[in-house]
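Now for the letters of each chain:
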Amino acid sequence: MPGLIGRKIGMTSMFSEEGKNIPCTIIEAGPCTVTQIKTNDSDGYDAVQLSFNDQKETRLSKALLGHLKKAKAPACKKIAEVSSFDQDISLGDSLNVDVFAEGEYVTVTGTSKGKGFQGVVKRHGFAGV
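Participant: Any chance you could break down the overall build of the protein for me, citing the residues and the numbers?
Facilitator: Counting its secondary structure elements, the protein contains 3 helices and 6 strands. Walking the protein from its N terminus toward its C terminus, one meets helices and strands in the order β-β-β-α-β-α-β-β-α. Relative to the globule expectation of 14 Å for 129 residues, the C-alpha radius of gyration of the protein, 20 Å, shows a markedly less compact shape. Each principal axis of the C-alpha distribution contributes one length, and for the protein these read about 65 × 45 × 30 Å.

Structure follows, in structure tokens:
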């Protein structure tokens, strides 16, 4: 099953054929660069490591820069692994949304921003008086 790293751009709405208003999330998915291919022989499991979202080189550690230069990948903010990748890929390849077929169902996983414990004024807009 293929996978990509992406980020949320915003929200919009679309109308269905019946005229219902459907909320939609806009996601920028890719291009992701293959930075490492993990195999069962060397690592004990099969996975593909992907990088996403370019970053200044000065903000990364020397060890991470060396890891990315081995794959000829640019400096990036996010690195993640995708297991059981079916396609034939090699180190340094760039992956786009072309890995998915039109009409194919995808699973989207996200992490919300942690806001900690909120008081009633900030959380619900209560007056302080």
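Participant: With reference to specific residues and values, describe the sheet that holds strand E6 (residues 94–95).
Facilitator: Reading across the sheet, the 4 strands line up as E5-E4-E3-E6 and stay open at both edges, with antiparallel pairing between neighbours. On the outer flanks of this sheet lie strand E5 (76–83) and E6, each paired with one strand and no other. As paired strands, strand E4 (residues 47–54) and E5 are joined by 7 bridges and run antiparallel to one another. Counted as the bridge partner of Leu50 is Ala80 from E5.

Participant: An account of the pattern of salt bridges is needed here, citing residue identities and associated values.
Facilitator: This model, assessed by the stated rule, comprises 3 salt bridges. Across the pair Arg7 and Glu28 runs a salt bridge whose closest N-O atoms are separated by 2.9 Å. Taken together, the residues span a long stretch of sequence, with Arg7 in strand E1 (residues 6–15) and Glu28 in strand E2 (residues 21–29) at a distance of 21 residues. Looking at Glu28, the relative accessible area reads 29%, which means it is partly exposed.

Participant: How would you explain the side chain of Thr35 if you had to name every residue and give the values?
Facilitator: One can find Thr35 in strand E3 (residues 32–38). Overall, the relative accessible area of 3% leaves Thr35 in the buried class.

Participant: Which residues make up the nonpolar core, and what values do they have?
Facilitator: In a soluble, globular protein the nonpolar side chains are often hidden away together inside. The biggest cluster of nonpolar side chains holds 12 residues, and these are Leu4, Ile5, Cys32, Val34, Val48, Leu50, Phe52, Val82, Phe85, Ile89, Leu95 and Val99. Of all elements in the fold, only E3 and E4 reach the threshold of two or more residues within this core. With 3 residues, the single largest contributor to this core is E4. Sequence-distant contacts of Leu95, that is, excluding residues within four places in its chain, are made with Leu4, Gly30, Pro31, Cys32, Val34, Leu50, Phe85 and Ile89. Leu60, Ala71, Ala73 and Cys76 belong to the second largest nonpolar core, which has 7 residues in total.

Participant: I'd love a proper account of the environment of Gly19, names of residues and values included.
Facilitator: Inspection of the secondary structure puts Gly19 in the loop between E1 and E2. Spatially, the C-alpha atom of Gly19 lies 46 Å from that of Gln36, the residues being 17 residues apart in sequence.

Participant: Got a sec to walk through the pairing of E4? Specific residues and values, please.
Facilitator: Taken across its 8 residues, E4 has 6 buried, putting it largely inside the fold. Here E3 pairs with E4 via 5 bridges, running antiparallel. Among the inter-strand pairings, Val34 is bridged to a residue of E4, identified as Leu50.

Calculation rules
- Residues numbered from 1 in each chain as written.
- Predicted model: local features only at pLDDT ≥ 70, side-chain atom pairs only at ≥ 80, totals over all residues.
- Heavy atoms only, no water.
- Helix = DSSP H or I, 4+ residues; strand = E, 2+ residues; numbered from the N terminus.
- Rg over C-alpha atoms; globule rule 2.2 N^0.38 Å.
- Pairing = 2+ DSSP bridges.
- Salt bridge = Lys/Arg side-chain N within 4 Å of Asp/Glu carboxyl O.
- Buried < 20%, exposed > 50% of the residue type's maximum accessible area, 1.4 Å probe, protein only.
- Core = buried A, V, L, I, M, F, W, Y, C linked by side-chain atoms within 4.5 Å.
- Contact = heavy atoms within 4.5 Å.

Everything listed is a geometric property; what it means functionally is a separate question.
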